[in-house]
Amino acid sequence: MARKNKFMDQKTDFLSMLDDESSEDNLTKSIARELDKETESENEIQTALPDEFIPYEDEKLRLDLHYGEDRERLKESIKLNGIFTPVICVKKEDKLMILSGHNRVDVAKELNIEVPYILKKDLSNEEMELICIDDNLIHRQRTDYKPMQLAYSIKVKMDAERHQGITLSNGYSKLSGDKIGEEHGLTRKMINIYLKLNELIDEAKELVDQKKISIRLSYELAFLDSEAQQIILSYLNDFKINEKMVKVIRNEIINKEFKEYNEKKTFIESKLLQLRVTVTQSRKLDFRKVRKYIPQNIKDDEAEEYVIKAIKFYNENRTETVALKDF
């Protein structure tokens, strides 16, 4: 949406002004002054109650709020000094949507104080995303991110700087890759891994964030098409699938041409069966719970043998008891 020009509401005869050279200079200066005023008003600091703010709409970029010691430190700082850095936001219907400053608004709500903010206008979605990402990069640690949040943030940031510097083999800029690597303490190799994670299907992305599959496994999985990813994920509960298994499958599948889905499914299943490590559900007894039923004169290193004998004795006598009841 273009900015509204304040001259449109004025009944000034600009054509007659342009006939006069001095008037032309005055008109140019007037327009420049009005544009400066618009820029200043866009950066004007205003205040609002915390309830007037809503969080950024894209959850992929919205990090979890501070808690514990981090939140208490911010709270004490705001108590002593107020909110030093204004919140950056845009108008969303009748609310102010936060681009930068979610934690400040959260603490202000508890303290029941007004929040200073700067209202940005006419921003594209990309510009809003970059403000949100830059704020996270400045104020948050890499450990604050879920893996897929970091992967998406890196992609958006590098897409914005894609045409700067020397292009890498993945199509992205060396300059922006190194810069983001420094900001997050990531090597260029790890940057490439996180970028690749954006090609995962939604189910895989959720499993990565839930730490049910590793980033290394996910990286190998991302080289496969959505069907192949789905087939492999469907076997997670049956096999202990690791990145080496997926790498073997992707290296072999790359030269294969499948006429239909079932053919691809059969091929992947056969490879998993060849490479499988069956998942076994191990169960461990809590020795502390069992120990109170074992006589004190039985030492700990003799406890296992005692328990085995006790179970055998119980089963033998249980069989005899059942037989007597039947008789």
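Since the structure is predicted, the reported quantities are computational estimates derived from the model, not experimental observations. Counting restarts for each chain: residues are numbered from 1 in the order of the written sequence. Per-residue local features of the predicted model are confined to residues with pLDDT of at least 70, and side-chain atom pairs are confined, for both listing and counting, to 80 or more; whole-chain, interface and lining totals are unaffected and use all residues. Side-chain metrics in this entry use all non-hydrogen atoms of the structure; hydrogen atoms and water are not considered.

Student: Can you lay out the pairing of strand β5 (residues 115-120) for me, pointing to particular residues and giving the numbers?
Tutor: Burial here depends on accessible area, computed with a 1.4 Å probe over protein chains only, as a share of the maximum for the residue type. Under 20% is buried, over 50% is exposed, and the range in between is partly exposed. What counts as a helix is a DSSP run of H or I of at least four residues, what counts as a strand is a run of E of at least two, and both are numbered from the N terminus. Most of β5 is tucked away: five of the six residues are buried. In short, DSSP must find at least two bridges between two strands for them to pair. Direction of pairing for strand β1 (residues 45-48) relative to β5: antiparallel, over a ladder of four bridges. Bridging from a neighbouring strand, threonine 47 pairs with proline 116 of β5. For strand β3 (residues 87-92) and β5, the ladder comprises four bridges, and the chain directions are parallel. Looking across to β5, one finds that isoleucine 88 is bridged to isoleucine 118.

Student: Account for the pairing of strand β4 (residues 95-100), naming residues and giving values.
Tutor: In terms of burial, β4 is largely enclosed, as five of its six residues are buried. Pairing of strand β2 (residues 53-54) with β4 involves two bridges; the strand directions are parallel. Among the inter-strand pairings, phenylalanine 53 is bridged to a residue of β4, identified as leucine 96. Both β3 and β4 contribute to a ladder of five bridges, which runs antiparallel.

Student: Please provide a residue-by-residue account of helix α3 (residues 68-81), values included.
Tutor: A helix's residues, less one, multiplied by 1.5 Å, set its expected span. The end-to-end C-alpha distance of α3, which contains 14 residues, comes to 20 Å, matching closely the 20 Å that a straight helix rising 1.5 Å per residue would cover. For α3, the complete set of buried residues consists of Arg71, Lys75 and Ile78. One side of α3 carries all its buried residues, which in axial view fall inside an arc of 65°. Across from the buried face of α3, at angles greater than 90 degrees, the exposed residues are Glu69, Arg73, Leu80 and Asn81. In the core, the buried residues of α3 are packed alongside α4 (102-111). Directly after α3, the chain includes glycine 82, whose backbone phi takes a positive value near 75°. By construction, the arc corresponds to the directions joining the helix axis to the C-beta atoms. Working rule for contacts: check all heavy atoms of both residues, and any pair within 4.5 Å makes them a contact.

Student: Go over the pattern of salt bridges with me, naming the residues and quoting the values.
Tutor: The term salt bridge refers to a side-chain nitrogen of Lys or Arg lying within 4 Å of a carboxyl oxygen of Asp or Glu. Applying the stated criterion to the full structure yields 15 salt bridges. A salt bridge links aspartate 225 to lysine 264; its shortest N-O distance comes to 2.7 Å. Note that aspartate 225 is positioned in the loop between α10 (215-221) and α11 (226-233) and lysine 264 in helix α13 (residues 261-275), a separation of 39 residues in sequence. Classification of aspartate 225 as partly exposed rests on a relative accessible area of 39%. Note on lysine 264: relative accessible area 8%, which makes it buried. One salt bridge connects glutamate 227 with lysine 264, and the closest N-O pair in it is separated by 3.0 Å. Taken as a pair, glutamate 227 in helix α11 and lysine 264 in helix α13 lie far apart in primary sequence, 37 residues in all.

Student: If you had to explain the side chain of arginine 250 to someone new, which residues and values would you point to?
Tutor: Its location among the elements puts arginine 250 in helix α12 (residues 243-253). For arginine 250, a relative accessible area of 19% corresponds to the buried category. If sequence neighbours within four positions are ignored, arginine 250 has contacts with Glu220, Phe223 and Leu224.

Student: Which residues make up the packing of helix α9 (residues 202-209) against α11, and what values go with them?
Tutor: To get an axis, a line is fitted to the C-alpha atoms, and for a helix only the part in contact is used. The angle between two axes follows their N-to-C directions and goes from 0 to 180 degrees. At their nearest, the axes of α9 and α11 sit 9 Å apart, and the two run at 50° to each other. On the basis of their axis angle, the class for α9 and α11 is oblique. Between α9 and α11, the residues in contact are Glu203, Ala204 and Leu207 and Gln229, Gln230 and Leu233, respectively. Three residue categories are used. Nonpolar comprises Ala, Val, Leu, Ile, Met, Phe, Trp, Tyr, Cys and Pro, charged comprises Asp, Glu, Lys and Arg, and polar comprises the others, including Gly. When the residues that make up the contact of α9 with α11 are grouped by side-chain class, the tally is three nonpolar, two polar and one charged. The labels follow the angle: roughly parallel below 35 degrees, roughly antiparallel above 145, roughly perpendicular from 65 to 115, and oblique for the rest.

Student: Could you give an account of the nonpolar core, with specific residues and numbers?
Tutor: For soluble globular proteins, nonpolar side chains are generally found buried alongside one another. Only buried residues count toward a nonpolar core. Its members are Ala, Val, Leu, Ile, Met, Phe, Trp, Tyr and Cys residues joined through side-chain atoms within 4.5 Å. Core analysis: the largest hydrophobic core is formed by 38 residues, its most contacted members being Leu221, Ile241 and Ile268. Contributing elements (two or more residues each) for this core: α6 (147-160), α8 (188-197), α9, α10, α11, α12 and α13. A per-element tally of this core places α8 first, with six residues. Apart from the residues within four sequence positions on either side, leucine 221 is in contact with Leu200, Ala204, Gln229, Ile232, Leu233 and Val246. Core analysis: the next-biggest nonpolar cluster, separate from the first, contains 14 residues, Ala48, Cys89, Ile98 and Val107 among them.

Student: Any chance you could break down the sheet that holds β4 for me, citing the residues and the numbers?
Tutor: In spatial order, the strands read β1-β5-β3-β4-β2; together these five strands make up an open sheet with mixed pairing. Looking along the sheet, the strands with just one partner apiece sit at the ends: β1 and β2. Strand contacts of α4: β2, β3, β4 and β5, with the helix running at about 130° to β4, the strand carrying the most contacts.

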